[in-house]
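The chain contents come next:
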Amino acid sequence: MNQDEYFMEQAVLLSQRHMEEGQGGPFGCVVVKDGVVVGRGWNSVLAGNDPTAHAEVMAIRDACRNLETYQLSGCAIYTSCEPCPMCMGAIYWSRPEKVFYANTREDAARTGFDDSFIYDELVLPLDQRKIPMIALDKTKALDVFQQWLKKEDREHY
C-alpha cells in the first residue's frame, strides 16, 4: 500500500467508525503534512445538530488548531468522498496543495446524499434561487469595510 492509499484508508476508517456510532453520514477525512496526519474529521451533523459539521470542515478545523494556522499550505486532504459545495469552499479558503477523494458525488447521490440541488442553485441569478436572497441597505456594513481598509494591523488572508 502506498502512502496515498494509506491515508485514504484512514479517512475511510473514520467514516465507517463514526457512521456506526450514529454521529452522522458515512464521511471521513484526514489532513496530512509532511507524511503525518495533522487533522481528522468525520461527519458529525447528527451528533452536534450542526449542518456544517461535515468531515472536511471538521478535519480542516482540527488541522488548523493543531498547526496553529488558518491556512493549510503544504498539506494534502484525503476525504472518503468528493467534497460537497460547502466543503469545497472551506478547502479553497484553507489552501491545501492537493485533495484526494474516493467516492464521487454521484456515488453520494445514489446513497441519499445528493448535492445536485446546491450545484444547480449556485449558478442561478440571485433572484431565481429557491431561497430568497434579499439585499438590504449596505451603508453601515460598507462603512465597516472601509474601516477594515484603514486598519493598520490587518492581516490579509
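A brief structural summary. Position labels on residues start from 1 in each chain and follow its written sequence. pLDDT decides what is reported in this predicted model: residues at 70 or higher carry local features, side-chain atom pairs at 80 or more are listed and counted, and totals for whole chains, interfaces and linings draw on all residues regardless. Calculated side-chain values reflect all of the structure's heavy atoms, with hydrogen atoms and water omitted.

Moving on, we come to the pattern of salt bridges. For this analysis, a salt bridge means a side-chain nitrogen from Lys or Arg found within 4 Å of a carboxyl oxygen belonging to Asp or Glu. Taken as a whole, this structure holds 4 salt bridges when the rule is applied. Between Glu82 and Arg105 there is a salt bridge, with the nearest N and O atoms lying 3.3 Å from each other. Of this pair, Glu82 sits in the loop between strand S3 (75-81) and helix H4 (85-94) while Arg105 sits in helix H5 (residues 105-110), and the two are 23 residues apart along the sequence. We note a salt bridge from Asp153 to Lys151, for which the minimum N-O separation is 2.5 Å. Only protein chains enter the area calculation, which uses a 1.4 Å probe; residues under 20% of their type maximum are buried, those over 50% are exposed, and those in between are partly exposed. Of the residues examined, Asp153 reaches a relative accessible area of 59% and is grouped as exposed. Going along the chain from the N terminus, every DSSP run of H or I of four or more residues is numbered as a helix, and every run of E of two or more is numbered as a strand.

Attention shifts here to helix H1 (residues 3-20). The span one expects for a helix is its residue count, reduced by one, times 1.5 Å. For H1, built from 18 residues, the straight-helix expectation of 26 Å at 1.5 Å per residue is met to within 8% by its first-to-last C-alpha distance of 26 Å. Those residues of H1 that fall on the buried side of the exposure criterion are Phe7, Met8, Ala11, Leu14, Ser15 and His18. One face of H1 carries all of its buried residues, which in axial projection span an arc of 110°. Throughout, a residue-residue contact means that at least one pair of heavy atoms, one from each residue, lies within 4.5 Å. Buried residues along H1 sit against strand S1 (28-33), strand S2 (36-42), S3 and strand S4 (98-103). Following H1 by one or two positions, Gly22 adopts a phi angle in the positive range, close to 80°. Each direction from the helix axis to a C-beta atom contributes to the arc, which is the arc of those directions.

Let's shift gears to the packing of aromatic side chains. Two aromatic rings from Phe, Tyr or Trp, using only the six-membered ring of Trp, form a pair when their centres are within 6.5 Å; if the ring planes differ by under 30 degrees the pair is stacked, by over 60 it is edge-to-face, and anything between is tilted. This model, assessed by the stated rule, comprises 5 aromatic pairs. Ring plane angle 70° and centroid distance 5.7 Å describe the contact between Tyr70 and Tyr157, whose orientation is recorded as edge-to-face. Taken together, the residues Tyr70 in the loop between helix H3 (55-67) and S3 and Tyr157 in the segment after helix H7 (139-150) connect sequence positions 87 residues apart. The interplanar angle of 10° and the centroid separation of 4.6 Å between the aromatic rings of Tyr78 and Phe100 together place this pair among those described as stacked. With Tyr78 in strand S3 and Phe100 in strand S4, the pair connects residues that are 22 residues apart, well separated along the chain. Overall, Tyr78 belongs to the buried group, its relative accessible area being 3%. Taking relative accessible area as the criterion, Phe100 reaches 24% and is therefore assigned partly exposed. Through successive ring pairs, a cluster of aromatic residues spans Tyr6, Phe7, Tyr78 and Phe100.

So, on to the sheet that holds S4. One open sheet holds the 4 strands; their spatial order is S2-S1-S3-S4, and the pairing between them is mixed. Either end of the sheet is taken by a strand with one partner, and the two such strands are S2 and S4. Across the sheet, the mean angle from the axis of one strand to that of its neighbour is 15°, orientation sign disregarded. We call two strands paired when DSSP finds no fewer than two bridges between them. As judged from the 6 bridges shared by S1 and S2, these two strands associate in the antiparallel manner. Directly across from Cys29, in S2, lies its bridge partner Gly41. Axis definition: a line fitted to C-alpha atoms, over the contacting stretch in the case of helices. Angles run 0 to 180 degrees between N-to-C directions. H3 contacts S1, S2 and S3 of the sheet and is inclined by roughly 140° relative to S2.

Patch membership requires more than 30% relative accessible area and the absence of a salt bridge. Residues of like charge join within 9 Å; the nonpolar side chains Val, Leu, Ile, Met, Phe, Trp and Tyr join within 5 Å. The Shrake-Rupley method, run with a 1.4 Å probe, gives the accessible areas here. Residue values count only the displayed protein chains as cover. On the surface, a nonpolar cluster with roughly 620 Å² of combined accessible area is contributed by Tyr70, Trp93, Trp148, Leu149 and Tyr157. Taking the relative accessible area as the measure of exposure, Tyr70 reaches 40% and is therefore partly exposed.

Taking 1.5 Å per residue as the helical rise, H3 with its 13 residues ought to reach 18 Å, and the 18 Å between its terminal C-alpha atoms agrees with that figure. Inspection of H3 places Ala55, Glu56, Val57, Ala59, Ile60, Asp62, Ala63 and Cys64 among the buried residues, and these make up the whole buried set. Looking at the buried side of H3, the elements it contacts are S1, S2, S3 and H4. A positive backbone phi angle near 55° is found at Glu68, which sits one or two residues after H3.

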